[in-house]
Amino acid sequence: MITVNKRDQIPWEEGMTVARLLERMNYTYPHLIVAINGAVVPHDAYAEWPVQDGDDVRVIHMIAGG
Amino acid sequence: MKAVTRNVLAEFDYTVPTIERGYTNQTLYVNVGNGEIKAKPVTEEMKLKFTGGKGFDLWLLWHAVKDTTRWHDPENEIVISTGPCGGITQYPGSGKSLVTTISPTTDIVTDCNTGGHFGPYLKFAGWDAIELQGIAERDVVVVVDAIRGKVTIEEMPEAPKDTHLLGAWLTEVLAEKPEDRYYIATVTSGQAAEHSLLGVLNFSLFDRKRNDLRYKQAARGGPGTVFRHKRILALVVRSRPFDGKTNNPADLARLARVGADMQREVAKWDPVQNRMRNRGTPYLVGIMSDYDLLPVHNHKFGGHPKAHAINGAYWESRFTQDLPDGCWYGCTVACAHAVDGFELKTGPYKGQKVIVDGPEYETAAGVGTNCGIFDGDAILEINFYCDTYGIDTISYGATVAFLMECYEAGILDKEKTEGLELRFGNAEASLELLHRIAAGTPFGKIAGMGVHKLKAYLIEHYGADAQFVHDIGMENKGMEYSMYIAKESLAQQGGYALTNKGPQHDEAWLIFMDQVNNQIPTFEDKAEALHYFPLFRTWFGLCGFCKLPWNDVVDPKNALSDEPHKIPHHVQNYVDIFSAVTGREITKEDIIHMSERVYNFQRVFNIRLGKGLREHDMPPYRALGPVTEEEYLSRQERYDKQLREWLGLDPSTMTLQEKMAAHRKYRYERYEMLMDAVYERRGWTRNGVPTLEKLQELGIDYPEVVEVVKKHL
Amino acid sequence: MKVLTYNPELCTGARECEKVCAQTWFKVPDREHSSIRIFEQEGKFRAEFCIQCGECIKVCPTNALYYDKQGIVRVKKDLCVGCMSCVGFCPYGVMYYEPQQTLAFKCISCGQCVKACPSGALKIIEVETVSTDLWQGKVGF
């Protein structure tokens, strides 16, 4: 099980990447900051970066609206 | 220059002063009823306590009106001001105008924040603010002419009424050479503002690349209705060439350093972030639907399969690209896009090819998705006519969506709507209704009252169920809600209803921070956010800034800072700019103090006018949770899960009605707890009244202010 | 287009170009007012200056930027409002700014630096297309 934003429990999948997790969450907003267990993941690495079972994932949407 | 009939009813000669560190140090008073025109000094106290922009507006308005003043009384004013940083060119988003008046829909003060050139040009013409008071006998135009050094109240009987014609006509009348047009700015409304409480003010900007006029809107709360009720047809300023020195900033080098840094940041990051320069605010349409936050069918639902038909990429393809679409010089976030050469299919201007200023996200969602309309051309045509007729697209969209739900619920029928089949998705009916409001037909006038008064009307005249219409009527304090679904964000529920003027999202936009990012999980976190963000965001309107450059383009390094959701690098930019312009060195904490004075002053002003208390901060149930069975069932899994997690109930043993009742009770209780936490954080009583200690701390414990709160303490 | 071209192999770092450019256009010899900037790294020199690519023209809100008849991008001083949109958007960072005059400025291929250069590292040439090869000694030398 993966925890997203200290609240949402998402079942882990074999070979899960950051990109796949964002797809699962339908997080389509282009300007995100993703951190796994406190470490920020570079934008261009989302497609390959692995997410492990039990990871604490934060997906912060940098959006504040006007 | 076009020769037309101009009867000058009153005139006032003046010398344009040099601007000192962002201030002309005088405001202009114009009474269109008795012809009085005069200059009033700006005191050091005003600058220190109220800064400028909305702060000046509120201070001047407070002293102009009585406790009992209604929107249509002659002593009501429309006050417009830009702020000390308004009109600099060195930083994106530095030319906003702030408008206040007593609103026809809320009966308290409304405030609007608009782009366009008027505010800065008014300052360059010699005035930190303008007050418009009184009611004229016949339509008049107020002209502030810096070149002749004259302010006049004139009759111009040949002038057209609707903005897209009137703005061009006035520019032709007043420009002596072609280049003069660049420095003329108009404030106009339109026919619909004469028959509706939802009237808007259009603020022009001369677009040099298009060689044509464009318009931004001072929209929420009906200032256009007050304008036309005063028989003011237009307000015009004729200014002179200017540049980044015209404000006489204290430190041009510091201003340039910060400006250059930000211009580079926008150039580098906007193309790979929100693409504001290509698609503007409607980039949000598809995204909001993906997150279940896009209003659909009168805020019933948060998404729709057709939403991506009108998403950011779609609008990018409709907007003319590669033009510097800033609404003030120097703005490279440049989100004020337009569809050029759009041929109108309906109405009095059918067949004309026009520039459509928009749509903004709020318009695409308001008159579009919220009404079940997903057709780009329909949205563009409604947008254009709302603008030129002078009606607010958010309030119009919210009102039509409300009428559509009432029609589908059987409260209205064709007999009552002059034959209009107001069902969700019926764009033709919505457009036809708009033309009828402009023409002032009986049903047009009824619809034009807006949601708050419509509810009472439907209950009284058509026997509508009071509970139902109050639940689905998306208004608070009399103002219609703007276009975000707050049902699952307690913080945004407060962000909408714990506001001064009404549920407009300028004060707080916390949905993502709360619902998606889960960055403010406790009541205390939410209360802190509802203390900090409204105050931080209010500050922009004291200075003349637009808040979009603060948060819509951000260097990714921001993620590594403390408190990245506040975007500290940009906050520091604003500290530097304010200090560099005014010569008054401030800190980021000062920003909050400056705003807190104005914010609390506005709260007391609301109390003075009869609202501003806890009972007025209560939202309709549609803003908190599912009103109808259809809504509950559309998210059943989520709502059932919440019953288990929040209330320890077993949904499998409950009827649908029992489940809905449990949600309703819980959501209102939760909201009341939020109110308690927020009021406490703000230094207000449980009834939402600023305490004497708070007023003293802020230095706004003037006798007339204390007199208002004392009755409630 | 009529453009400046520079050969780093010939440059001795005298910086006479910077001085004469600033003096010509701003009456002060300081580098911050020069439209050509020389940089040194480990004993080697390089230069940056406007290559007349024209990308800035479309970001200017006052139409102050334009190509003249010789293909040089010029700034109309009386139209420039000092917003620095061009400064931010120049792909090569070679649009400069005078904060007290709130004026954008750039190389306009006037040739004063060519005359002042003691080692012949600068020339004015006519080209059809432009690129930063003009900074590398790869064009016209």
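Residues numbered from 1 in each chain as written. Chains lettered and ligands numbered in written order. Predicted model: local features only at pLDDT ≥ 70, side-chain atom pairs only at ≥ 80, totals over all residues. Heavy atoms only, no water.

Residue Pro359 of chain B is reached from Gly358 of chain B by a cis peptide bond, and omega for that bond is 10°. Looking at the element boundaries, Pro359 of chain B is found in the loop between strand S15 (353–356) and helix H10 (361–368). Positive phi, normally seen in glycine, also occurs at Lys6 of chain A, with a value near 60°. You can see Lys6 of chain A is positioned in the loop between strand S1 (2–4) and strand S2 (8–10). The class for Lys6 of chain A is partly exposed, based on a relative accessible area of 49%. Positive phi, normally seen in glycine, also occurs at Asn248 of chain B, with a value near 45°. Among the structural elements, Asn248 of chain B can be located in the loop between strand S13 (232–238) and helix H6 (252–269). Take Asn248 of chain B: its relative accessible area is 32%, and that puts it in the partly exposed class. (Helix = DSSP H or I, 4+ residues; strand = E, 2+ residues; numbered from the N terminus. Buried < 20%, exposed > 50% of the residue type's maximum accessible area, 1.4 Å probe, protein only.)

Our focus in this paragraph is the domain arrangement of chain B. Residues and elements named next belong to chain B. Taken as a whole, chain B is organised into domain 1 (7–238) and domain 2 (281–318 + 337–480). A straight line from the C-alpha centre of domain 1 to that of domain 2 covers 28 Å. In this assembly, domain 1 packs against domain 2 so that about 2,600 Å² is buried in total across both faces, 50% of it on carbon and sulfur atoms. When the buried surface of domain 1 facing domain 2 is broken down by residue, His195, Leu198 and Arg220 rank first, second and third, together holding 28% of it. Counting across the domain 1 and domain 2 interface gives four salt bridges. Across the pair Lys216 and Glu360 runs a salt bridge whose closest N-O atoms are separated by 2.9 Å. (Domains from an automatic or database assignment. Buried area = accessible area lost by both parts, 1.4 Å probe. Salt bridge = Lys/Arg side-chain N within 4 Å of Asp/Glu carboxyl O.)

Before going further, it helps to spend a moment on the sheet that holds strand S5 (residues 97–102) of chain B. Two strands in a sheet stick together by hydrogen bonds in their backbones, pointing the same way (parallel) or opposite ways (antiparallel). Residues and elements named next belong to chain B. Taken together, the six strands give an open sheet; going across it, the order is S3-S2-S7-S4-S5-S6, and neighbouring strands pair in mixed fashion. Edge positions in the open sheet fall to strand S3 (37–41) and strand S6 (109–114), since each of these has one partner strand only. When strand polarity is set aside, the average angle formed by the axes of neighbouring strands in this sheet is 20°. Summarising the sheet, strand S4 (residues 77–81) and S5 pair through three bridges and their orientation is antiparallel. (Pairing = 2+ DSSP bridges. Axes fitted to C-alpha atoms, helices over the stretch in contact; angles between N-to-C directions.)

Let us look at the interface of chain B and chain A. In this complex, chain B contributes 27 residues to the contact, which on the side of chain A involves 19 residues. Surface buried jointly by chain B and chain A totals about 2,100 Å² across both partners, of which 54% is contributed by carbon and sulfur atoms. Together, Tyr291, Asn517 and Asn518 of chain B form the three largest contributors to the area buried by chain B at its contact with chain A, with a combined 24%. Joining chain B to chain A, the criterion identifies zero salt bridges. (Contact = heavy atoms within 4.5 Å.)

Next up on the list: the environment of Val4 of chain A. Residues and elements named next belong to chain A. Along the chain, Val4 falls in strand S1. Residues Val4 and Trp49, 45 residues apart in the sequence, show an inter-C-alpha distance of 16 Å. Not counting residues up to four positions away in its chain, the partners in contact with Val4 are Ile10, Leu21, Met25, Tyr27, Val57 and Val59.

Turning our eyes to something else, we now look at the packing of aromatic side chains. Taken as a whole, this structure holds 58 aromatic pairs over all chains when the rule is applied. Relative to Phe105 of chain C, the ring of Tyr96 of chain C lies with its centre 5.9 Å away and its plane at 35°, an arrangement referred to as tilted. Phe105 of chain C matches Tyr96 of chain C in its accessibility class, with the two residues each being buried. Three or more aromatic residues joined by ring pairs form one cluster here, namely Tyr91, Tyr532, Phe533, Phe536, Trp539, Phe540, Phe545, Trp550, Tyr574 and Phe578 of chain B. Here the guanidinium or amino end of Arg608 of chain B rests over the ring plane of Trp62 of chain B, the centre of that ring lying 4.5 Å away. Note that Arg664 of chain B overlies the ring of Tyr621 of chain B, its terminal NZ or CZ placed 4.6 Å from the centroid. (Phe/Tyr/Trp six-rings, centres within 6.5 Å; stacked < 30°, edge-to-face > 60°. Lys NZ or Arg CZ within 6 Å of the ring centre and 35° of its normal.)

What follows concerns the packing of helix H24 (residues 636–647) of chain B against helix H25 (residues 656–682) of chain B. Helix-helix packing: each pair is described by the crossing angle between the helix axes and the interaxial distance. Residues and elements named next belong to chain B. The N-to-C vectors of H24 and H25 enclose an angle of 60°; their axes lie 11 Å apart at closest approach. As the angle between them shows, H24 and H25 are arranged oblique. Our pair here, H24 against H25, has a crossing hand that is left-handed. Between H24 and H25, the contacting residues are Gln636, Tyr639, Asp640, Gln642, Leu643, Trp646 and Leu647 on the first element and Lys659, Ala662, His663, Tyr666, Arg667 and Arg670 on the second. Across the contact of H24 with H25, the residue classes tally to six nonpolar, three polar and four charged. (Parallel < 35°, antiparallel > 145°, perpendicular 65-115°, else oblique. Left-handed = near helix turned anticlockwise from the far one by under 90°. Nonpolar A, V, L, I, M, F, W, Y, C, P; charged D, E, K, R; others polar.)

Turning to the arrangement of the chains, a few remarks are in order. Summarising the chain contacts, two pairs of chains touch, and the pair with the most contacts is chains B and C. Where chain A comes nearest to chain C, the C-alpha atoms are still 21 Å apart, and the two do not contact one another.

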